[in-house]
Amino acid sequence: MTASRKAPMVAEPDLYPYESSRRPVAGLAVDYPDGHRVKRHRHRRGQLVYAMSGVMVVDTDAGIWVVPPTRGVWVPAWVSHGIRMSGEPRMRTVFVEPGAATHLPAQCCVLSVSPLLRELMAAAAEVSLDWAPDTRDGRLMMLLLDELRQEPALPLHLPQPSEPRLARICRAIVRNPERQDGAADWARALSVDPKTVHRLFVRHTGMTFGRWRQQARLLAAMERLARGDRVLDVALDLGYESPSAFAAMFRKALGESPSAFAARGVGAA
């Protein structure tokens, strides 16, 4: 992704009460400035990471996940992850006791955040950590658990390979997604055949080189649009010949125009 601008310091909340609650689910609300970073950490509980506005980038060993306002990322218990903020995200997150959401996998996945789930998460942040089961608050929290559903695959994930040669290429593209170097250019830099580069990408990421690079540019674009950058500037900076070519790629991947995404990400209530 593109480098974030420097953000004001924000005190991170004490998560121990949310991890140690006797109840199976706990809600938390935190508003962050643009560019803020939460360092790599792990939780004893699973966590749904969601932003009511702005965009969050969740970084794990397995890959990078971008979280726009209509989606959340499920981070299972003990998965190491860091979070980068773009566009002043209003984070609403829930911590779920292991075993309480058995319908979700043991790997990170994208969750659809419906209008109902969005309101439930907002309300959950106001519920006492020691809520009683047979009360309105208890029923609200259990309904929230029922609403956690895995979303069919969307282009919000960028796999991060561990293979050393491939990792070198991927790090360079993430740092500078506008680079025009093709597989042949990287093959020369690594002293291998271009076919080797293509095989490595498919084997270790499940994507072709071109698809992975396009994905990196898409996620970088989402971050910049969430910060309020102009569509024209984002398109040209990422190496697209025209804003229309960029918009066509963006719409095909996410089902909406860059301008609509930007308006929703920055202006969501």
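My aim in this report is to walk through the structure given alongside it, one point at a time. The model shown is predicted, which means the values in this text are computed figures rather than measured ones.

About the thresholds
Residues numbered from 1 in each chain as written. Predicted model: local features only at pLDDT ≥ 70, side-chain atom pairs only at ≥ 80, totals over all residues. Heavy atoms only, no water. Helix = DSSP H or I, 4+ residues; strand = E, 2+ residues; numbered from the N terminus. Buried < 20%, exposed > 50% of the residue type's maximum accessible area, 1.4 Å probe, protein only. Pairing = 2+ DSSP bridges. Axes fitted to C-alpha atoms, helices over the stretch in contact; angles between N-to-C directions. Phe/Tyr/Trp six-rings, centres within 6.5 Å; stacked < 30°, edge-to-face > 60°. Parallel < 35°, antiparallel > 145°, perpendicular 65-115°, else oblique. Contact = heavy atoms within 4.5 Å. Nonpolar A, V, L, I, M, F, W, Y, C, P; charged D, E, K, R; others polar. Expected span 1.5 Å × (residues − 1). Arc of directions from axis to C-beta. Polar contact = N/O pair within 3.5 Å; in protein donor to acceptor, adjacent residues only side chain to side chain. Core = buried A, V, L, I, M, F, W, Y, C linked by side-chain atoms within 4.5 Å.

**Some remarks on unusual backbone geometry**
Okay, step 1: Despite not being glycine, Glu-88 has its phi angle at roughly 55°, a positive value.
Okay, step 2: Within the element layout of this structure, Glu-88 appears in the loop between strand 7 (81-86) and strand 8 (90-96).
Okay, step 3: Non-glycine residue Ser-191 carries a positive phi angle of around 60°.
Okay, step 4: One can find Ser-191 in the loop between helix 5 (183-190) and helix 6 (194-205).
Okay, step 5: Taking the relative accessible area as the measure of exposure, Ser-191 reaches 67% and is therefore exposed.

**Some points on the sheet that holds strand 7**
In a beta sheet, neighbouring strands pair by backbone hydrogen bonds and run either parallel or antiparallel.
Okay, step 1: Ordered in space as 2-7-4-5-10, the five strands form an open sheet in which the pairing is antiparallel. What marks the edges here is a single partner per strand, and that holds for strand 2 (37-41) and strand 10 (157-159). For this sheet, the mean angle separating the axes of adjacent strands, direction not counted, is 15°.
Okay, step 2: One ladder, built from six bridges, connects strand 4 (residues 55-60) with strand 7; its direction is antiparallel. Paired with Met-56 across the two strands is Met-85, which belongs to strand 7.

**Overview of the packing of aromatic side chains**
Okay, step 1: Tallied over the full model, the rule gives six aromatic pairs.
Okay, step 2: Residues Phe-201 and Phe-209 carry aromatic rings whose centres are separated by 5.3 Å and whose planes lie at 80° to one another, so their mutual orientation is edge-to-face.
Okay, step 3: Since its relative accessible area comes to 0%, Phe-201 is described here as buried.
Okay, step 4: According to the relative accessible area criterion, Phe-209 is buried, its value standing at 4%.
Okay, step 5: A ring pair is formed by Phe-246 and Phe-250, whose centres lie 5.9 Å apart and whose planes are at 55°; its orientation type is tilted. With Phe-246 and Phe-250 both in helix 9 (residues 243-254), this residue pair falls four residues apart, about one helical turn.

**Considerations on the packing of helix 4 (residues 164-175) against helix 6**
Okay, step 1: With their axes 10 Å apart at the nearest point, helix 4 and helix 6 run at an angle of 90° to one another. In terms of their interaxial angle, helix 4 and helix 6 are classed as roughly perpendicular. The segment helix 4 lies against helix 6, with Arg-165, Leu-166, Ile-169 and Cys-170 engaging Thr-196, Val-197, Leu-200, Phe-201, His-204 and Thr-205.
Okay, step 2: Residues belonging to the contact of helix 4 with helix 6 are distributed by class as follows: six nonpolar, three polar and one charged.

**What about helix 6?**
Okay, step 1: Taking 1.5 Å per residue, 12 residues should reach 16 Å; helix 6 reaches 17 Å between its end C-alpha atoms and fits that length.
Okay, step 2: Those residues of helix 6 lying buried are Thr-196, Val-197, Leu-200, Phe-201 and Thr-205. Seen end-on, helix 6 carries its buried residues on one side only, within an arc spanning 135°. Of the exposed residues in helix 6, the ones pointing more than 90 degrees away from its buried face are Lys-195 and Arg-203.
Okay, step 3: Structurally, helix 6 contributes buried residues whose contacts are with strand 10, helix 4, helix 5 and helix 7 (209-226).
Okay, step 4: Its side-chain oxygen placed 2.7 Å from the backbone nitrogen of Lys-195, Asp-193 serves as the N-cap of helix 6.
Okay, step 5: Gly-206 sits one or two residues past helix 6 and shows a positive phi near 80°.

**Some words on the nonpolar core**
Okay, step 1: Within the largest apolar cluster, 59 residues are counted, with the highest numbers of intra-cluster contacts made by Met-56, Ile-169, Phe-201, Trp-212, Met-222 and Phe-246.
Okay, step 2: The element best represented in this core is helix 7, accounting for 10 residues.
Okay, step 3: Excluding residues within four positions of it along the chain, Ile-169 makes contact with Trp-186, Leu-190, Val-197, Phe-201 and Phe-209.
Okay, step 4: Judged by nonpolar contacts, the second largest core, of 23 residues, contains Val-25, Leu-111, Leu-120 and Val-127.

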